[in-house]
Amino acid sequence: MAGFAAALALAVGLAPGATGEVVYLLLWVLFAGNAGLRLAAALTPLTGGKTPYLHPGLLPRYTVIVALYHEAGIAAQVLAAMLALRYPKDRLDIVFALEADDAETINALRGLDLPEYVRLSLTPPGFPRTKPRALNYALAEARGDLLVVYDAEDRPDPGQLLEAARAFAAGSPRLICLQAPLRPVGADGFIARQFAAEYAVQFDVILPAMARIGLPFPLGGTSNHFRVEPLKKLGGWDAHNVTEDADLGVRLAAAGYESGLLRSPTSETPTGCSRSWLPQRTRWIKGYMQTLLVHTRVKRSARVWAGLGLGVGMSVLAALAYAPLSVMMLATLTLYSLQALCDPARAVIAPGLADLLLFVLGNAAALCALVVGQRRAGLRVRIGDLATAPFYWGLQTLAAVFALYQLFARPFHWDKTEHKPVADKV
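A brief look at the structure comes next.

What counts, and at which threshold
Residues numbered from 1 in each chain as written. Predicted model: local features only at pLDDT ≥ 70, side-chain atom pairs only at ≥ 80, totals over all residues. Heavy atoms only, no water. Phe/Tyr/Trp six-rings, centres within 6.5 Å; stacked < 30°, edge-to-face > 60°. Helix = DSSP H or I, 4+ residues; strand = E, 2+ residues; numbered from the N terminus. Buried < 20%, exposed > 50% of the residue type's maximum accessible area, 1.4 Å probe, protein only. Lys NZ or Arg CZ within 6 Å of the ring centre and 35° of its normal. Contact = heavy atoms within 4.5 Å. Axes fitted to C-alpha atoms, helices over the stretch in contact; angles between N-to-C directions. Parallel < 35°, antiparallel > 145°, perpendicular 65-115°, else oblique. Left-handed = near helix turned anticlockwise from the far one by under 90°. Nonpolar A, V, L, I, M, F, W, Y, C, P; charged D, E, K, R; others polar.

A separate point is the packing of aromatic side chains. Counted according to the given criterion, the structure contains ten aromatic pairs. On the basis of an interplanar angle of 35 degrees and a centroid distance of 4.7 Å, the ring pair of phenylalanine 195 and tyrosine 199 is categorised as tilted. Taken together, the residues phenylalanine 195 and tyrosine 199, both in helix H7 (residues 190–212) and four residues apart, mark about one turn of the helix. Relative accessible area serves as the criterion here: at 1%, phenylalanine 195 is assigned to the buried category. A relative accessible area of 9% places tyrosine 199 in the buried class. Judged by centre distance (5.5 Å) and plane angle (55 degrees), the ring pair of tyrosine 199 and phenylalanine 203 falls under tilted. Of this pair, tyrosine 199 and phenylalanine 203 both sit in helix H7, four residues apart, which is roughly one turn of the helix. Under the relative-accessibility criterion, phenylalanine 203 is labelled buried at 8%. Each member of the aromatic cluster is reached from another via a ring pair, and the members are Phe195, Tyr199, Phe203 and Trp284. Its guanidinium or amino end placed over the ring of tyrosine 257, arginine 174 lies 4.3 Å from that ring's centre, counting from NZ or CZ. Lying across the ring of tryptophan 414, arginine 283 places its NZ or CZ 4.2 Å from the centre.

We now examine the side chain of aspartate 151. Tracing the chain through its elements places aspartate 151 in strand E4 (residues 146–151). If we skip the residues at most four places from it in the chain, aspartate 151 touches Val66, Ala67, Val78, Lys131, Gly221 and Thr222.

Bringing unusual backbone geometry into the picture now. Residue phenylalanine 127 is joined to proline 128 through a cis peptide bond whose omega torsion reads -5 degrees. With respect to the secondary-structure elements, proline 128 resides in the loop between strand E3 (118–123) and helix H5 (131–140). Positive phi, normally seen in glycine, also occurs at serine 223, with a value near 60 degrees. Position of serine 223 among the secondary structure elements: in the loop between H7 and strand E8 (224–227). Among the residues examined, serine 223 registers a relative accessible area of 0% and is labelled buried.

Before going further, it helps to spend a moment on the packing of helix H11 (residues 302–342) against helix H13 (residues 383–409). Between H11 and H13, the least distance of the axes is 7 Å, while the angle of their chain directions is 120 degrees. Between H11 and H13, the angle falls in the class oblique. When you trace H11 past H13, the crossing you get is left-handed. On the side of H11, the interface is formed by Ala319, Leu320, Tyr322, Ala323 and Pro324, while H13 contributes Pro390, Trp393, Gly394, Gln396, Thr397 and Ala400.

Okay, the packing of H7 against helix H10 (residues 274–295) next. Contact geometry of H7 with H10 gives a least axis separation of 11 Å together with a crossing angle of 30 degrees. Judged by the inter-axis angle, H7 sits roughly parallel to H10. In this structure, H7 crosses over H10, and the sense of that crossing is left-handed. Here H7 contributes Ile191, Phe195, Glu198, Tyr199 and Gln202 to the contact with H10, which in turn contributes Ser274, Trp277, Gln280, Arg281, Trp284 and Tyr288. Split by residue class, the contact of H7 with H10 holds six nonpolar, three polar and two charged.

Below, the structure is given as structure tokens:
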């Protein structure tokens, strides 16, 4: 970073005009390429079908880790969701990963009727206090051959473990991870609907396209299924990365392993307001920044670089740039229109054709991916949501600015997302 900053400063000092043109061209190509890839992903059909049958006697032992922190209010709900999993109970190992000083959640779980295959894993106090640190403690105690991670608000499809076990059995020995799609459901409002639509694009458009062409992709923070032994050999999760899922996806690919996708979804409660959405999104973008800083320090293959750049790098760059560049374009168009209306002969502030083309086609590609993702996820496509989506994308910049600040001021701080019980049954 220091070398890049020094080189850029030197170039600006020696040739500011030429440097500006080069930076502009580079950014234009990056954003145009990102828009093109998003459109291509939306037009790429989904592949895969049902996994082959696996005799119940051949099913491997499965560890299910559920990370909880200050979640006493939904303890019964999450237990019911885990008990609903259709998997032989004698091969099931359900572990609630808890902080040892979270007495309220511990007591709430111990007050429930826990089957013998359900147990608690208590993480001792220490630094950093993050979800991946708790997962590593639970991983060390895992009894299964396969393992899945769920969050407190998750309600996985009851057949998800069966599908994953069959996919692992039929897949390559290098297949180490399977990601299930996430479906935010059960809430309404601008933030909640946009959040659900964003997930639909990520899990039903972007990730399937990346997986189809063999690129590593950033994992979601939940519903990741793993082979246990290779995961232990890789050291589990990075306890200092606040999006440990994105980091792990890159490390798996760098070690030569493969990741794939499942069809069985996991339902979860979306964040319903900006007060809960902003800290969560800040943490995600900060974790993406951490992942970039860590993995660009070492030599990676072209395949890993491509996945890191498309799945992580462009997400960060787009979040930082979308709002300011959009405001600049809209302001230029507004001024040009006013000048042309008031004094056509002296209209001097005109938008560049390349900029205008990128602005229009970039937003069109994003909206196309949004429509395709919503349809694949079974969501209702609303004209109002499509019209207001750019405002939601602009909020990403606000989160990115906070993330950049926290990256230096509070790099390992974990913004906790509060969850409430849902009214519908599991």
